[in-house]
Amino acid sequence: MLTILITALRYAFLLLLLISIFRLIKWMIADLKEVSSQQVIENPPGRPREEPRSSFGTTGEVELVVVESSVSQPKSGDTFGFQRETLIGRDERSDIIIAGTFASAWHARIYFKEGQYWLEDLKSTNGTFLNEIQVNQPIVLANRDKIRIGGVIFQFVRWGYEMGADH
Amino acid sequence: MTDGSYGNYISAVAKSAARRKGRRVEWKLLSLIGVYAMIGAAALYLGSAGAADRKVVFACVSVVAAYFLVSFYWHYSGYRGDCFLLPLVALLSTTGLIFLFRLDPAYGVRQFFWLLIGLGVLLLTTRLLIDFRFLSDYKYIYALAGLIALILPVFFGQEQGGAKSWLDLGIFNFQPSEFVKILVVLFLASYLSENRAVLTVGTRNLGGLALPGPQEWGPLLAMWGISLLLLVYQKDLGAALIYFSTFLTMVYVATSRILYVLFGSTLFAAGAAASFYMFDHVRARFEIWMNPWPNIETTGYQIIQSLFAINSGGVLGSGLGLGFPGYIPAVHTDLIFSAICEELGLAGGAGIIILFMLFVYRGIRIALKTTDEFAALAASGLTALLGLQAFIIIAGVTKLLPLTGITLPYISYGGSSLVANFILLGLLLNISHEEESDL
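The following refers to the structure shown.

Criteria and thresholds
Residues numbered from 1 in each chain as written. Chains lettered and ligands numbered in written order. Predicted model: local features only at pLDDT ≥ 70, side-chain atom pairs only at ≥ 80, totals over all residues. Heavy atoms only, no water. Patch = residues over 30% accessible without salt bridge, like charges linked within 9 Å, V, L, I, M, F, W, Y side chains within 5 Å. Areas by Shrake-Rupley, 256 points an atom, 1.4 Å probe, with all protein chains shown as cover. Salt bridge = Lys/Arg side-chain N within 4 Å of Asp/Glu carboxyl O. Lys, Arg positive; Asp, Glu negative; His and termini not counted. Charge placed at Lys NZ, Arg CZ, Asp CG, Glu CD. Helix = DSSP H or I, 4+ residues; strand = E, 2+ residues; numbered from the N terminus. Pairing = 2+ DSSP bridges. Buried < 20%, exposed > 50% of the residue type's maximum accessible area, 1.4 Å probe, protein only. Expected span 1.5 Å × (residues − 1).

**Some words on a positive patch on the surface**
Item 1. Together, A:Arg23, A:Lys26, B:Arg24 and B:Lys28 make up a positively charged patch on the protein surface.
Item 2. Only α1 (2-42) of chain A together with α1 (3-47) of chain B provide two or more residues apiece to the positive patch.
Item 3. Residue placement: B:Lys28 occurs in helix α1.

As structure tokens, then:
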């Protein structure tokens, strides 16, 4: 009986060494995926950074990228440009339409004021989150900020910030 | 609250969330390693039918607890160092501890105390040297200290295992070259980050090749000379190989010119060839490596026993405690990898190699993420140092390279080596801590 136990322990020892290694590798890959998803957004393929930019408010300079989406519309990877005011909601007349029942008809808006882009929650039922903190009053968006509405996460990308330093 | 500070606040919240997640990953991995160590200790304790005492169980519990304490301390002090390096080292060092208890409980007990001291030194390093940048200011002091520490054993040293690189400090023997390695990396990181531009572009043109002036060549030649001196006077072939290959790696990282690597390797090969003809012990080493079988009873005994042990392990090994590693000379230090291969087989041996590769991967990642030149060079140098040391000794015991007397980091018995490698770990963690805080 004891010999069987000891033999089992001996193989369990080797097995656990290998399991530990697999766990380590698994966590490291998860960590790597996190980093690479960040980098893809920072520098999307096929979009050279030196793209000619028009003045404020049109596409190219500023955009909203869908990082994650649990609904049919928008899909992960979609990008949206901006007007002077951009409405986000379930309603068909919104600039960015979110399918499903989680989002309110007029959920949130992003508008341009004093050289900044502001995010405002339009008293939505389920709330708007900026970097996982609920938005209660209009707040300025910075490059790479994450906006979450239900199961949809957008990332705010503003090239102008990085380009501005060169002038 | 102004918008700027609010943004900072938000990103600080997000970052601390990420850090907590990182430490949780570390705890999960450490728990798994704890179970692993317990099973190993139980197998050893029950398997040897009373001959081994229960010290092994106690030692494993304490060491795992000590790792947890280090991690808890980091958690509460807000330390942001890489969360995979500590579990990697924990897995390597508990494996080493269990094997040392299996080989000789006396070594196991001493290794246990050295591990606790090493973890203490790790905590001190991550606390006192957390702003490691000031280290770059004292490069010539390192160069001098390192040189003195290397030369001392030539005059006052003791010969152990064929290499004259030990100092007798009364209570214990001390191997300065283990610590000098780290000083060399810091010196080179500081020196290269200052002279990188000149070394990369060159100041004069020589037959179509842009080469820097002699003031930039100086350290290269000095390193070459020191490596050869080590090789010849201390018979410390392993240390010489590590120094020189780490040096070439760092020069390549700094300049990305393959020319320096080729030139440096040629110089080293020339020096090695010359010492082959001039010195008997170098020639003996080389001949044993090429063909140990004629001297199976004498000089080739060690490597042949190592090969026998690795071979007898098979794929899954004989099982912990069932091999015959007692036949291998120096099995507790340099040749511990052969004992692991014998008892855990190809699976265990490959596992150890993968662990070192993962360590190197994390180190390179830390080096790539930093924006600072000194930090990037120091991180890549320290990583190269550890990776090359593991490679050279594993290659040595498997007869891929001539067998040299160096330790397998974190696994082999040896206080100097263990403490030095924990300092190395602490420095790497400090660099990753800084880059996580900067982002």
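**Some details on the pairing of strand β5 (residues 108-113) of chain A**
Working note: regular strand, side chains alternate between the two faces of the sheet.
Residues and elements named next belong to chain A.
Item 1. Here strand β3 (residues 85-89) pairs with β5 via four bridges, running antiparallel. Bridge pairing links Ile 88 to Ala 108 in β5.
Item 2. Here β5 runs beside strand β6 (residues 116-121); their pairing, made up of six bridges, is antiparallel. Across the sheet, residue Tyr 111 finds its bridge partner in β6, namely Trp 118.
Item 3. Here β5 folds back onto β6 in antiparallel fashion, the turn holding two residues, of which Glu 114 has a positive phi close to 55°.

**So, the environment of A:Ile149**
Item 1. Summarising the element assignment, A:Ile149 is placed in strand β10 (residues 146-149).
Item 2. The buried category is assigned to A:Ile149, whose relative accessible area is 1%.

**Thoughts on the sheet that holds strand β1 (residues 62-68) of chain A**
To summarise the sheet geometry, strands pair through backbone hydrogen bonds and adopt either a parallel or an antiparallel arrangement.
Residue and element names in this part refer to chain A.
Item 1. Ordered by their spatial adjacency, six strands build an open sheet running β2-β1-β11-β10-β7-β8, and the pairing between neighbours is antiparallel. What marks the edges here is a single partner per strand, and that holds for β2 (79-80) and β8 (133-134).
Item 2. Bridge analysis of β1 against β2 gives two bridges, and the strand direction is antiparallel. When the sheet's bridge partners are listed, Val 65 is paired in β2 with Thr 79.

**Concerning helix α3 (residues 85-103) of chain B**
Item 1. In this model α3(B) runs 27 Å from its N-terminal to its C-terminal C-alpha over 19 residues, within 8% of the 27 Å that 1.5 Å per residue would give.
Item 2. Summarising burial for α3(B): 18 of the 19 residues are buried, a large majority.

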